[in-house]
Structures are given as structure tokens and as C-alpha cells.
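For reference, the chains in residue letters:
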Amino acid sequence: MNNLASLLERLRLIFHEGTGLLTDPAMLRTFECDGLAHHRVIPAVVVLPTTAEQVEQTISICHDLGVPFVARGNGTGLSAGALPVAEGVVISLSRFRRIIEIDAPNMRAVVEPGVINLDLTKASVGDDLYYAPDPSSQQVCSIGGNVAENSGGAHCLKYGFTTHHITGLEVVTPDGELISLGAGKCVDAPGYDLLGAFIGSEGTLGVATKITTKLLKRPELVKTLIAAFDSTTSAGAAVSAIIASGILPAAVEMMDALAIEAAENAVHCGYPEGANTVLIVELDGPEGEVLAGMERVEAFCRECGAGELRIAADDEERALIWKGRKSAFAAIGTLSPDFIVQDGVIPRTSLPQVLAEIAELSRTSGIRVANVFHAGDGNLHPLVLFDERIAGDLETANAVSGAIIDLCIKYGGSITGEHGVGADKVSYMGKMFTEADLDTMQMVRCAFDVDNLSNPGKIFPTPRLCGEVPGRHHGVHPLVLSGEAELF
Amino acid sequence: MPSPIATIDGATPRATATPSSVDELRTTLQEASHSGKQLLLAGHHTKMDWGRPPESVDVAIELGALPCEIEHWADDLVVRATASVTLEELQRELSTRGQRLCVDTLIPSSTLGGLVATAPSGPLRYGYGAIRDLLIGVGAVRVDGTLTRSGGRVVKNVAGYDLAKLYTGSYGTLAAVTEVFLRLHALPEESQYLTVAVPIDNLGPVVAALTHSTVAPSAIELHGPLGERTLTLSVLIEGLAKGVPIRQAGLERALGLSFATSTSAPDWWSSLPGSTTLKVTHEVASLPQLVQGLYEIADRHQIHTELKDSIGIGVCHLGIDALATLTLESAGQVLGEIRMLATALGGSAIILRAPVALRTAMDPFGSIPALDLMRRVKAQFDPQQLLARGRFVGGI
Ligand SMILES: Cc1cc2nc3c(=O)[nH]c(=O)nc-3n(C[C@H](O)[C@H](O)[C@H](O)COP(=O)(O)OP(=O)(O)OC[C@H]3O[C@@H](n4cnc5c(N)ncnc54)[C@H](O)[C@@H]3O)c2cc1C
């Protein structure tokens, strides 16, 4: 019996074909990519577990047979992180999605990995609590996916990323063992911080089956300002002035003219008319602090040349401001049939130089670039517009997109601020890190996944051969077996 | 720099290496690991009595002699500093630009490397996160002499694994940290410490009101000897001058208490209680049960216990110097009871620091989930188990 046949035979003992286990090519095709649709691979099998035990059994089978597996949340990733392996299993966690507990006194929640990010906040509203990390995709992405990507969001300037909001995980390791990492509802479990290492590991260290998160008290007051500027440079100067003054806004977002145009087309968000750049600044916290802070923010904006400036009078106005920002990616579709979303980071103070260089790249290549970014922390999301039907356009757009990432590295930043490396940015890792850096990271991988079965091909340009770990025995490395690598 | 270690937890290292550059450190490590020498990394020796006494030490490697460098990108609120810089030196430099690292100086003259390796938990963690949360990049030398880096100088960065978290709190058993990149905050315009006595029977509502308040304190600490039924609560409010008094009033309303205010911290604020110190973690809302349970244990064994709890974080430090004077059997019993209590409240209890006899006789860390995986991590980084063998959890 070949590997696939014995894999299926064993999986059928756990899952119902057609509901929990998919093999029909038409069904499999719906799992071929994540939000970055130009990377596509059809997996051999998809399973849809609803319990940790099923995940454990699935991974144990994969481990026994040397079959690679890829966890998938809701497939909104933008780095081809959930890209399947052709001869492998996709473990889709989208049905594994109960909110197990909202523990208001301890300000924690316990959820299954498939829970949608926003649903957790909705479930905590009654206790006047919320889950802070808020990626723009929060209505659809899963918390398991957030954990794997260490996702951010507009408010991570003040509140941090997913890693700052997770205190415990239950994980099935790549050899099929169910373990707990972190301290449950507490902090500081004695020993190595494997929780911290797992978060952001993009599904390469195993599959999270239970997640304990922090919940925060809703702030007393939220104030949101939108201001129009005549250039990204003057808006950038306002951001610098605000941050240098010691005010820590909940969010600082910037959009340039092209991005504004797209957002207006798509959702009629009513941004200041004719603005070259808009700046959104949100303060939240105790009333006294927010009101005093907002006075200063307003003054800084005016000093830096803000034209029209308004502060949302109520939740509805605030929601509209955010609607424009959060729909920006999708809205680009109104301007261009195809686009690439970039996700680089630069030291915030390099913003003017980097934006000037991006503008120059756009001018010389003839490829339009719309800029949306988390201006408070220097996380750029340039949207590189192209038309696949035009010969050579895709290649030029890819070149521009790559050149933007090179710029981020040149200015001392990062190739990804929140979308992850996935399969998409594997080739850039060697530009940001040395061989020794990558080798050291992969030592962690080897501790978790000797056989390189958990989401292989992601993050690292070349897999590390783990060698014999004292006290552990394993079969021939799959890469050796397939002739892709030799042991020496 | 202090003079090199004469004895470490009773053992005398056969040799001391004092590398004066990262390159020298690399060579030292490479050579030592080549010849299979047992190694111990040290900074300013302020926490050498943390963890288990290492099994044996051939060479103590003094990292305090590495060059001190601080590169402050004030406008980005980020700093790069070498591991030999002390927290006080760093804070002094940052303050000239109106900034700080939001980490408490719990133990004077700690190097940044030592701080990362042991990750002590202080009051400011409530408002700003722990060291792990502020450490955005790290440079380290592996035991085989390889220089490696993870993270970087930008706050937002998800490229590759977050090894900074792995090194944080690893007690020098994985690699020698040589430089750190840290996220900074502006110094607050105004700070007020609000203090009031709280009867321990009234802790429940106080904890609930504090953790669920919208006043956003920077720190909430509870302190006092366990013999009395009243403890001191002190809350730090920081922010804009206009906002602080309004927030104080809000907190007083929410708690139904009125505070004594001061712009300086109570003297116990930035320290760990006792010279034998336990760290107990617990679910935030279980503080009243923890305090009651500890009170009973202290009473039963007639031991003086000083408590300091970071409310809202769930980290409680206990100064129990009497542990060191009890028979090992009684000390073991006290520790066992405290561990049982902590476990029942979702957490754990470790011996943070204590005389060598105590840490030799008892496992400071207790039982650890996922220990096998931790051993595998150690085996990858340090296959010969040369770095501080035996000092960490489960004999790692
Ligand atoms: C319109 C749009 C806006 C976005 N905005 C943001 C934003 O503001 N900030 C941001 O950070 N991201 C953003 N994203 C990216 C994306 O939503 C996040 O990366 C999200 O966390 C992915 O969640 P998912 O459930 O869709 O995961 P998937 O895409 O299915 O998977 C992502 C990765 O997680 C792994 N994975 C999934 N579940 C698990 C698990 N249980 N255990 C282990 N590994 C697992 C997968 O293997 C894969 O590597 C946006 C995406 C879109 C389409």
C-alpha cells in the first residue's frame, strides 16, 4: 500500500469522509491558497478536526508515515503561510471554534484555535472587556492564525502584538504529542519561554489546539482625529512631534492620495476632500488623559500644516473613519485589477526618505504604488498596482515590491511587520539574517520537529538537517529520502 | 566591574576568562567548548544565587568586561546597548532625552545581560510589560562561538523566530547575550504614588475594582509582613499633569478609599523582599485566597514572611529568610505547602534566591510541564551541556 493510501485508511478511522475528511479534487482546490492567491498548491488531503484529540491523532499518523502537514486557520494570511504541500495534509481548524471560557475576574479567555478574532471581543463585551489585537481582517481571521503569525493591528502601537496577549497554549507537537506551553491564566511558567518561541512560528512548530488570551478593560474614553495634510512628509512630521512629546496614541495611521481615493470609491468614508495625505490618530484611556492629550495632538497637527481636521463626535463617525482605513486593501480593487500588498518595516524616523525612494521607484517603473501604513511604528503597507493582462506588468510590479523590501532592509528595518514570511518571503530571509542567525533559529525547529514535517518550506530558505539529538531516534530525513539533501 | 568570582555556590571555578570584546568572547567559548569545559556566564554577580548551584565550573566567563556601548535612537524610542551596560547607566543616558526603559531596578547594578537572563518581574510590568515584551532584538554568542542575532531595531517585526524570548529567563544556559535592542517609553510628565492600608479580609473587592478600573495605573503593588491582617496598597499613576489628579479621584471613587499621595515611591517599591525569596504566580483574582493561605502557612510554622504582590499581573514575591534557618525538612515542608497552594491557584512557586544549602537540597523550580521539549532545545543549543549545567529547570 502506498503512503497516501495508508494515510487515508488511517484518517478514515478518525474523520467522516466528505465532512471531516476531504479528498474530492474540487473540494481540495478551495484550500489551494491563502489570501496571497498567486501561490497555489493542491493538497493530497484536507481534514477538519473539531477536537484536540483529532489533531493529535492526525499528526501522529503524519509523523508515523513521514507525511508533511500544514495547519490552516481561515486562510486570510498574506504570506502564503498556509500554502499546502502537494503530498501532504491540510489541517483546517475553521470548525474547531468554541469559546471555552470568558473568565472576567481573571481577565482571561480560553478559546479553540478556529475562533474568529472579533467573536472573542463580541463575547467579552458583556463584561466590558475586549481582546486587544485587531488585525484589519479581524472579522474573518482565526485566533490560531493570529498566534501563528503573531498578528498585529492598528492598535498594536500602544497594546502590542498577539504575543503580548497570550498567556498559555495547548499545542500538538510535530511528533503528535499534546503539551501545554506557557502558564495558562498565569504568567512566567518556569523554564524556557517556549510559548514566546511558538507564537509567530507560522505553524512550523506544531498546531495550537487551545489558546488562553488576556482580555483588557474597555477604555473609559476613545477619541479619534482625522487630519488632512499636503504631503506625507508634513503628516510624518506631525507623527514625530506627537510621539516625541511622550503621548502614546492607541493608533496612528496614514494613507496617501491614491489610498484615499480607493477608500472613498469603495466605502465613501468621507475623508477630508482633496487631501494629499490623511493622518488618523486615536487616543484611548482615562478621560482626563485622553482629553488633555488630544488637545496636544491637535496642536501638533496644526503646527505641522494640517488643513481640515476633525475629531469624531460619536462612535458612528469613528467607525466611518476606521472603515476607510480597514477597507483600504480591498478598496484598491477599485483602482487596479491586481495588486501586491507589501508589509515592510522601517525605523519610523526614516519615513520621509523611504517614501521618497518609493515614489522614485514608482516613477521610474511606471507602476503605481498606494501607501497605507501604521505610521506610529513604521510598518508600511505599500500596495503595488498592476494589471496581469498587460505583458510584463506583473514582473515589473514584483520587482518594485522587492525593491521596497530591499529599502526596508537598507534602512535597518524588517521584511515583515505582521504578515509573516510564509512561503512568499523565504528568499528575503537571507538578506535580513546571516546563515548563522537562520541556523540558530532552526535549532529551535529541530527541537520541535526533527523530520521537518510541520509546514515545511515556510520561513527558512533552506531546511537545516537536525542530526541525531541525544536520546531521540528517527527515521531517514524526508529530504534525504527524496534526494533533495544529503547528510554529511 | 567586581572582582572575579572566587567561589560560586560553594564551588571554585578552576579558571576565569575576562573577554574584552565579542570576538574574544567567541574565541573563549569556542576553545572552551572544544575541550569540553564546564562554563558559567556571569555579569555583575548580582544574581549568582539564583537557580540551582551549577554542577561544576571549569571556567567562569566574566561578561562584565565587555565594552559598554549605548546607541539611543531617541526619535524612534529604541535603544541598542551591549549586555555589560548596567540598568542604571542605561536609564541615566536615556533620561537625558526624556526617556526610560520601563523596567524596575530591583537589584542594583545588574547588567542588561543578567537582567535578560533572569527576567525579574517588577511593578512597572503592569503598565508596560515584562522584559520579554520590551526586548525587540538580541545578539548572542552560542557556546560554539557562533555569533547570532534575532529580531532587530524596529518594534514591529515578525521575521523569523523570536529567540529573544527564548533567551529571556534562560539563566545563561543557552547562549551568551552580548547586545540587546529595547523598546523605550517617554518619561511621564507626572507620577503619583497613591498609598492606603487594606485589611486582608477586604482584598477581594479591592483587587476586582483595581483590575477592572479604567484609570490605567502603571503599577499596583501590595506589600507587608504577613503577621498582620493589614497590608499596604500602593498604586502608581503616571501621565499628563492635567490627567493624573482626575484619575486619582476616579480610583478613590471606584475603591471607596482615600489615598495618601507622594511623588516618590515607598521604600519597599523597587526591591525583592528578603534574602531568601520565593516567586509565586497565581491567577489574578485569586489573590485573597493566596494571601489567606500564606497567612495560615506562616502562622502554622511561625515564620516571618514579607509579601509583595504585583496586583493585576499575578506575581507575588515572598521574603522568607526563616527558610534558611529552619531544618531542611521543615523548610521543605513549608516550600511544599506553598507550592501546593500556588498550584491550586493555577500558578507555581519557585525559589528565586536562597543560600546554597537550600537550593542544593531542594529543586528551586519544582515540576515543569514540557520539560522534555526544553531538554531538546538545550540539546540543540548546547549539545555537550557546558553552559551552567544543572542550574536551570529539571537539571538543565
Ligand atoms: C484584508 C486583510 C487585512 C489584513 N490585515 C491584517 C492586519 O492588520 N494585521 C495582521 O497582522 N494581519 C493582517 N492580515 C493577515 C492575516 O489576516 C493574518 O495573518 C491572520 O492572523 C491569519 O489568520 P488565518 O486564520 O486566516 O490564518 P491562515 O491564513 O489560515 O494561516 C496563517 C498561518 O498560521 C498557521 N496556522 C493557522 N492556524 C494555526 C494553528 N492553530 N496552529 C498553528 N499554526 C496555525 C498556518 O499554517 C499559516 O502559517 C490581513 C489579511 C487580509 C486578507
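Residues numbered from 1 in each chain as written. Chains lettered and ligands numbered in written order. Predicted model: local features only at pLDDT ≥ 70, side-chain atom pairs only at ≥ 80, totals over all residues. Heavy atoms only, no water.

1. Quick notes on the overall build of chain A
Here comes step 1: Along its length, chain A carries 17 helices and 19 strands.
Here comes step 2: Against the compact-globule benchmark of 23 Å for 488 residues, chain A has a radius of gyration of 23 Å, which places it among compact chains.
Here comes step 3: Seen through its C-alpha atoms, chain A measures out along the principal axes to roughly 70 × 60 × 40 Å.
Here comes step 4: Within the span of chain A, comprising 488 residues, buried residues form 62% of the whole.
Here comes step 5: Counting only contacts in chain A whose residues sit at least 6 apart along the sequence, the fraction spanning at least 24 positions is 70%. (Helix = DSSP H or I, 4+ residues; strand = E, 2+ residues; numbered from the N terminus. Rg over C-alpha atoms; globule rule 2.2 N^0.38 Å. Buried < 20%, exposed > 50% of the residue type's maximum accessible area, 1.4 Å probe, protein only. Contact = heavy atoms within 4.5 Å.)

2. What to know about the pairing of strand S19 (residues 379-386) of chain A
Residue and element names in this part refer to chain A.
Here comes step 1: Here S19 lies mainly inside the structure; eight of its eight residues are buried.
Here comes step 2: Where burial is concerned, the two faces of S19 agree: the one with Asn379, His381, Leu383 and Leu385 and the one with Leu380, Pro382, Val384 and Phe386 are both buried.
Here comes step 3: Taken together, the four bridges between strand S16 (residues 338-341) and S19 define a ladder with antiparallel strand orientation. The residue bridging Val341 from the neighbouring strand is Leu383, located in S19.
Here comes step 4: Relative to S19, strand S17 (residues 344-345) runs antiparallel, the two being bridged by two bridges. By the bridge assignment for S19, Val345 is matched with Asn379.
Here comes step 5: As paired elements, strand S18 (residues 369-374) and S19 share six bridges and run antiparallel to each other. Looking at S19, one finds that His374 is bridged to Asn379.
Here comes step 6: What sits between the antiparallel neighbours S18 and S19 is a turn of four residues, in which Gly378 has the positive phi angle 70°. (Pairing = 2+ DSSP bridges.)

3. Description of the domain arrangement of chain B
Residue and element names in this part refer to chain B.
Here comes step 1: Taken domain by domain, chain B consists of domain 1 (1-187 + 369-396) and domain 2 (190-354).
Here comes step 2: Centre-to-centre, using C-alpha coordinates, domain 1 lies 28 Å away from domain 2.
Here comes step 3: Taking both partners together, domain 1 and domain 2 bury about 1,500 Å²; carbon and sulfur atoms supply 56% of that area.
Here comes step 4: In this assembly, domain 1 and domain 2 are joined by one salt bridge.
Here comes step 5: The interface formed by domain 1 and domain 2 includes four residue pairs in polar contact (both at pLDDT 80 or more).
Here comes step 6: Among the elements that take part in the side of domain 1 that touches domain 2, helix H4 (residues 125-128) stands out by supplying four residues, more than any other. (Domains from an automatic or database assignment. Buried area = accessible area lost by both parts, 1.4 Å probe. Salt bridge = Lys/Arg side-chain N within 4 Å of Asp/Glu carboxyl O. Polar contact = N/O pair within 3.5 Å; in protein donor to acceptor, adjacent residues only side chain to side chain.)

4. So, the interface of chain B and chain A
How big an interface is tends to be expressed through the accessible area that disappears when the partners come together.
Here comes step 1: Each partner contributes to the interface: chain B provides 78 residues, whereas chain A provides 89 residues.
Here comes step 2: A buried area of about 6,500 Å², summed over both sides, lies between chain B and chain A, and 60% of it is on carbon and sulfur atoms.
Here comes step 3: Three residues, Lys156(B), Val158(B) and Tyr161(B), lead the burial of chain B against chain A; their summed loss comes to 15% of the area buried on that side.
Here comes step 4: Here chain B is connected to chain A by nine salt bridges.
Here comes step 5: Lys279(B) is the salt-bridge partner of Asp188(A), the closest N and O atoms lying 2.8 Å from each other.
Here comes step 6: Looking at the side of chain B that touches chain A, the elements with two or more residues in it are helix H5 (131-134), strand S8 (147-151), helix H6 (163-167), strand S10 (185-186), strand S13 (230-239), helix H8 (243-255), strand S15 (277-281) and helix H12 (371-381) of chain B.
Here comes step 7: Among the elements that line the side of chain B that touches chain A, the one with the most residues is H12(B), at eight residues.
Here comes step 8: Its residues assigned to classes, the side of chain B that touches chain A comprises 34 nonpolar, 24 polar and 20 charged. (Nonpolar A, V, L, I, M, F, W, Y, C, P; charged D, E, K, R; others polar.)

5. Concerning the sheet that holds strand S1 (residues 15-17) of chain B
Residues and elements named next belong to chain B.
Here comes step 1: In spatial order, the strands read S1-S3-S2; together these three strands make up an open sheet with parallel pairing. Strands at the two margins of the open sheet, each flanked by one partner only, are S1 and strand S2 (39-42). Across the sheet, the axes of successive neighbouring strands diverge by a mean angle of 25°, strand direction being ignored.
Here comes step 2: Relative to strand S3 (residues 59-62), S1 is paired through three bridges, and the arrangement is parallel. Looking across to S3, one finds that Ala17 is bridged to Ile61. (Axes fitted to C-alpha atoms, helices over the stretch in contact; angles between N-to-C directions.)

6. Some details on the site of the ligand
Residue and element names in this part refer to chain A.
Here comes step 1: Ala71, Thr76, Gly77, Ser137 and Ser142 are the nearest of the 33 residues found near the ligand.
Here comes step 2: Contacts to the ligand include Gly145, whose backbone N or O atom sits 3.4 Å from an oxygen atom.
Here comes step 3: In isolation the ligand has 970 Å² of accessible area, and contact with the protein removes 94% of it.
Here comes step 4: Listing elements by their share of the shell around the ligand, those giving two or more residues are strand S3 (69-72), helix H5 (143-149) and strand S10 (207-214).
Here comes step 5: Sort the elements by how many residues they give to the shell around the ligand and H5 lands first, with five residues. (Near = heavy atom within 4 Å. Areas by Shrake-Rupley, 256 points an atom, 1.4 Å probe, with all protein chains shown as cover.)

7. A few points about the nonpolar core
Here comes step 1: With 139 residues, the main nonpolar core has Leu169(A), Leu181(A), Cys301(A) and Leu166(B) as its most contacted residues.
Here comes step 2: If near-sequence neighbours (up to four positions away) are discounted, Leu166(B) is found in contact with Tyr192(A), Asp193(A), Leu194(A), Ala197(A), Val444(A), Leu174(B), Val377(B) and Phe381(B).
Here comes step 3: If you look at the next biggest cluster of nonpolar residues, it comprises 50 residues, including Leu231(B), Val235(B), Leu251(B) and Ala322(B). (Core = buried A, V, L, I, M, F, W, Y, C linked by side-chain atoms within 4.5 Å.)

8. Some words on unusual backbone geometry
Here comes step 1: A positive phi angle, near 55°, is found at Asn452(A), a position not held by glycine.
Here comes step 2: The exposure class of Asn452(A) is buried, given its relative accessible area of 14%.
Here comes step 3: The backbone phi angle of Gln385(B) is positive, close to 55°, even though this residue is not glycine.
Here comes step 4: Within the fold, Gln385(B) resides in the segment after H12.

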